[in-house]
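Summary of structural features
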Amino acid sequence: MRKLKAKIMDAVGLERTLTRLSHEIIEKNKGAGNLVIVGIKTRGAIIAQRITKRIEEIEQTKLNIGLLDITLYRDDLLGKLEQPEFKGTDIIFSIAGKDVILVDDVLFTGRTIRAALDELIDLGRPNTIQLAVLIDRGHRQLPVKADFVGKNVPTSIDESIRVHLKETDGHDEVLLMHPETQA
Amino acid sequence: MPLESRHLLGLQGMSQPDIQLILDTAISFREVLERPIKKVPPLQGKTIANMFFENSTRTRFSFELAERRLSADVLGFQASGTSVAKGETLKDTARNIEAMKVDMVVMRHSASGAPHYLSQVINANVINAGDGSHEHPTQALLDMYTIREKLGKLDGLHVCIVGDIAHSRVARSNIYGLKTMGAKVSVCGPATLMPRGIEKLGVDVYHHIDDIIPHVDVLNVLRIQLERDAGRLFPTIREFHNYYGITRQRLERSPKPITIMHPGPINRDVEISADVADSEHSVILQQVLNGVAIRMAVLYLLATRN
Amino acid sequence: MRLLLKGGRVIDPVTVRDESLDLLLIDGKIEKLGRTLTSTSVEVIDLKGKIIAPGFIDMHVHLREPGFEHKETILTGCTAAAAGGFTAVCCMPNTNPPIDDESVVRFIQNKAKVALSGLVDVYPIAAVTQGRKGEHLAPLAELSAAGVVAFSDDGDPVFDAELMRRALEYAAMYKRPIIQHAQDLPMTKGGVMNEGFTSTELGLAGMPPIAEDVMVSRDIALTDYTGAQYHVAHMSTAGATELVRRAKARGLNVTSEATPHHFTLTDDAVRSYDTNTKMNPPLRTREDIEAVRKGLQDGTIDVIATDHAPHSYDEKQVEFQAAPFGIVGLETAIGLSVTELVQKGVLSFYQLVEKFSVNPRRILHLPQIQIEEGEPANLTIFDPLAEWTVDPSTFKSKSKNTPFSGFRLTGRSVGVINNGQVYWS
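Residues numbered from 1 in each chain as written. Chains lettered and ligands numbered in written order. Predicted model: local features only at pLDDT ≥ 70, side-chain atom pairs only at ≥ 80, totals over all residues.

What to know about the sheet that holds strand S3 (residues 64–68) of chain A
Residue and element names in this part refer to chain A. Stated formally: Paired strands, as defined in this entry, are two strands with at least two bridges between them according to DSSP. Put simply, DSSP H or I for four residues or longer makes a helix, DSSP E for two residues or longer makes a strand, and each gets a number counted from the N terminus. Angles shown run from 0 to 180 degrees and are taken between the N-to-C directions of axes, each axis being a line fitted to C-alpha atoms and, for helices, limited to the stretch in contact. Note on contacts: each residue gets a C-beta atom placed from the backbone, and two residues are in contact if those atoms are within 7 Å.
Spatial ordering of the open sheet is given by S3-S2-S4-S5-S6, a layout of five strands whose pairing is parallel. Here the strands that pair on one side only, and so sit at the sheet edges, are S3 and strand S6 (148–152). Put simply, the sheet's adjacent strands are angled 20° from each other on average, direction ignored. Pairing analysis gives five bridges linking strand S2 (residues 35–40) to strand S4 (residues 99–107), with the strands arranged parallel. Counterpart to Val36 in the pairing with S4 is Val100. Where helix H3 (residues 111–123) meets the sheet, it contacts S2, S3, S4 and strand S5 (128–136), and its direction lies at approximately 155° from that of S4.

A look at the packing of helix H1 (residues 16–32) of chain B against helix H6 (residues 137–151) of chain B
Residue and element names in this part refer to chain B. Test applied: When an angle is under 35 degrees it counts as roughly parallel; over 145 it counts as roughly antiparallel; between 65 and 115 it counts as roughly perpendicular; any other value is oblique. By convention, the crossing between two helices is left-handed when the near helix turns anticlockwise from the far helix through less than a right angle, and right-handed when the turn is clockwise. Polar here means any residue other than Ala, Val, Leu, Ile, Met, Phe, Trp, Tyr, Cys and Pro, which are nonpolar, and Asp, Glu, Lys and Arg, which are charged; Gly is therefore polar.
H6 packs onto H1 with a crossing angle of 65° between their chain directions and a minimal axis gap of 10 Å. Taken together, the axes of H1 and H6 are roughly perpendicular relative to one another. For the pair H1 and H6, the crossing hand works out as right-handed. When H1 is examined against H6, the residues Ile22, Leu23 and Ala26 are found in contact with a partner set consisting of Leu141, Met144, Tyr145 and Arg148. Among the residues making up the contact of H1 with H6, the classes are represented as six nonpolar, no polar and one charged.

Let's talk about the nonpolar core
Note the cut-off: For this entry, the nonpolar core is defined as buried Ala, Val, Leu, Ile, Met, Phe, Trp, Tyr and Cys residues connected by C-beta atoms within 7 Å. Neighbour counting defines burial: a residue surrounded by 20 or more other C-beta atoms within 10 Å of its own C-beta is buried, one with 12 or fewer is exposed, and intermediate counts give partly exposed, using backbone-placed C-beta atoms.
Core analysis: the biggest nonpolar cluster contains 266 residues, and Val105 of chain B together with Phe151 of chain C have the highest contact counts within it. Looking at which element gives the most residues to this core, the answer is helix H13 (residues 284–303) of chain B, with 10 residues. Once you skip the residues sitting within four places of it in the chain, Val105 of chain B turns out to touch Ala49, Met51, Ala94, Ile97, Leu118, Ile122, Ala124 and Val126 of chain B.

Focus: helix H12 (residues 349–363) of chain C
All names here are of chain C. The condition that has to hold: Here the expected span of a helix is defined as 1.5 Å times the quantity of residues minus one. We define the bend at any residue as the angle between the axes fitted to the seven residues before and including it, ending there, and the seven starting there.
With 15 residues, H12 extends 20 Å between its outermost C-alpha atoms, agreeing within 8% with the 21 Å of an ideal straight helix rising 1.5 Å per residue. Maximum bend of H12: about 45°, positioned at Lys355. The set of residues buried in H12 consists of Leu352, Val353, Glu354, Lys355, Phe356, Ser357, Val358, Asn359, Pro360, Arg361 and Ile363.

Re the domain arrangement of chain C
Size of an interface: often given as the accessible area lost when the parts come together. Residues and elements named next belong to chain C. Selection criterion: Note that the domain bounds reflect an automated or database-derived domain assignment.
Segmentation of chain C into domains returns domain 1 (2–51 + 374–424) and domain 2 (55–363). The distance between the C-alpha centroids of domain 1 and domain 2 comes to 26 Å. Counting from both sides, the interface comprises 32 residues of domain 1 and, opposite them, 48 residues of domain 2. Those elements that provide at least two residues to the side of domain 1 that touches domain 2 are strand S16 (379–389), strand S17 (408–418) and strand S18 (421–424).

Remarks on helix H7 (residues 209–226) of chain C
Residue and element names in this part refer to chain C. If you check H7, its first and last C-alpha atoms are 26 Å apart, about what 18 residues at 1.5 Å a residue would give, namely 26 Å. Buried within H7 we find Pro209, Ala211, Glu212, Asp213, Met215, Val216, Asp219, Ile220, Leu222, Thr223 and Thr226. Positive phi shows up at Gly227, right after H7, with a value of about 70°.

A word on the interface of chain B and chain A
At the interface, 19 residues of chain B touch 18 residues of chain A. Going through the elements one at a time, H1 and H13 of chain B are the ones with two or more residues in the side of chain B that touches chain A. Residue contributions to the side of chain B that touches chain A peak at four residues, all from H1 of chain B. Counted by class, the side of chain B that touches chain A contains 12 nonpolar, four polar and three charged residues.

As for unusual backbone geometry
Residues and elements named next belong to chain C. Residue Pro66 is bonded to the preceding Glu65 through a cis peptide linkage, with omega at 10°. In the segment running from Asn280 into Pro281, the intervening peptide bond is cis, with an omega of 5°. If you trace the backbone, Pro281 turns up in the loop between strand S14 (254–258) and helix H9 (286–298). Within the chain, Val16 stands out as a residue other than glycine whose phi angle is a positive 50°. Within the element layout of this structure, Val16 appears in the loop between strand S1 (2–12) and strand S2 (17–26). For Val16, a count of 8 C-beta atoms within 10 Å translates into the label exposed. Positive phi values are uncommon outside glycine, yet Asn419 reaches one of about 50°. Turning to its location among the elements, Asn419 is positioned in the loop between S17 and S18. A count of 17 C-beta atoms within 10 Å places Asn419 in the partly exposed class.

A closer look at the domain arrangement of chain B
Residue and element names in this part refer to chain B. Domain boundaries assigned for chain B yield domain 1 (16–136 + 288–303) and domain 2 (138–287). Tallying the contact residues gives 21 residues for domain 1 and 23 residues for domain 2. Only H1, strand S4 (125–131) and H13 provide two or more residues apiece to the side of domain 1 that touches domain 2. Classifying every residue of the side of domain 1 that touches domain 2 by side-chain character gives nine nonpolar, eight polar and four charged.

Looking at the arrangement of the chains
Out of two pairs of chains that touch, the pair holding the most contacts is chains B and C. The two units chain A and chain C never meet; even their closest C-alpha atoms stay 28 Å apart.

Dropping the structure here:
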């Protein structure tokens, strides 16, 4: 059992953060003309969809969005998990020459991003890959840095971040949880 | 939920959720097969031995492709005959290969039950790539995958398996798998090619192909072993074709289109006419493509089952 | 030898005895028989609760020597027989060279005489045809003169009807039965188990029960025509049992035997692909088991014989279809028979003794054993209530190929006495 330590974002705050991230992405890339958005399953994919929608509204354009299942590229695939399910990557367009905005919910050790980068490279040679995350909680184990950060949240290693989204959890909020205690 | 067994020996007794998991995972792997680089890394560091004690180019290629696309290291082994004829027992062969630190063994063997036996004497995961007249689970899984892809479901469909049921591992695995997934299964062929008590597996038995064609959604047409069966189990190839061959003329008597399957290799104009094999309702080549995805799914799920 | 066997239940169908008696054995003979015997300077053995019967004979055993000594030898086979409660065995001729010549008979007889100092009598059964090839008659007269008790090409049938007819006619001149491994050959070609629903599920080639029935049917017709003596080996089907029942009712000299595995296990046991469930004839269905039990009960089946068929560990450690047919049986016969037949009300102990001792000797024209003063002591002593678990590693047989490993059985041999020798299990 984990107990709540702090609410980091409520629904309104989360919306505002995603709007800001969308603007930053457009600003940095001088528009959305060469952008494609790729979300990492499961919650990164939802955030990617929301960011895509905002960018499309702001720029009055349509963007390609893809969903990445990095299971096959995990470095802990053969061992830790009981039976890792592979639900499939869904990127039906070419990423070659594109500026790929890779989206995830929480940036932590950097291992997920490493896996996502490897998979993206196997799918084609993009012009750039930029990383957008909702929360950066530190504790990197690999040299990974996000280009766009919703919020930096200093945490201890055994705390956890919970991102709840309407699409999967019924409501929007981001919570910081205490370390696990014995029930 | 992980797969119930660490081996894939057959579909008899395999649970509905396990079959579902394999079929669903295969959908994900179909996407990988469409990529410019059709290779993914999950089985990196795993070594798989393909032990084929019976000739089968296509099944061996399909497994090998699936293994390589999952980045496994692959050992090939082709022999013929039983262990006694070879002079080395199956157990010794298997143990030697295992001593080289092989993680998984894919085995094709002419003896029913050989993979079952192998799974008892070695520690590696064993995948049955066809044993005697017993089971060919990955073929049935790819058949089910192909039917679901074409018709959107398995539950409630009527599949008829046509030909030499008695000697067919494809028939048995399909019967077990399809029944578990809620399909209705019939078998059709001359009485001499029906194994005793087959109806106890919950299938309807037909001897006249025209009686069953109007009722089915799918015909899975088995290969006739010309050299073995003709003259003893049925009179002539010509008579077999006339009475059981799937022809356009026969299919036209059905009120609805029928999906045509065949595990290959085809004897054209024996069990199936050439135009039917090449028609728009034939999914024979999709079966081949789907075979790679199914085998990737099976290998992946067994390798990552901890 | 000076032994006083106290308080055992003596069952002897020949002298029509079933009562508690003491036996005083001196120098291989039954010196005295009585209700309460006492004697000085003898070893006294308390056999309260045990059954003393005329020595059991297993008329269907493969001793494998000469030629297959890695499976069994005459010595190890005789030891297994003694341990299992038998004082005699008949050995089948599928050796290498086969028993189709007087010299092989002599070889076996000489070996048997010295094995366990002659404790177990070994009666060779010779081949019907030269080399067991089913083409030319073996020298049946010479073989009879050498002491062969019956003829059989066991492992294979005598398939040629004309040859079978002549074999029956010829053997009858010497009062020897033809023992037939009854099986139509084309119907069973490639078969490795009973044909039925289980073989369909397992994808293993089947041997249909009718393959046995048609051969028994043909042979009965030949026996009728020739007036000869015919014995069905290891009868396993309901159909064959009924055919033999009718032949006996018509007064033909037709007899039959059944094995413990055929009245115990069904082809369901093959589901494990355990090669120790592979034998010929194969394990059949529940209906066949019931028919065999009925046949044992009403006398259609005269004899319980084991078809003891040892194979080495390595030979059985192969794919099911590549494995040789056969299982060992000498050391589980009494346990399975008591557990499956006596305890289930199929046979009384008295009938069991007939099936194991009296009837096979009658069929083979061997002198009957009598538990009577002045007679040689040829005895099987078994505990009808002993409960035990089958552990193949304790078998005296050189081979351990049994499907009964781990079975809980009731009834076990205590010891055997024959030719002045004593063996306690």
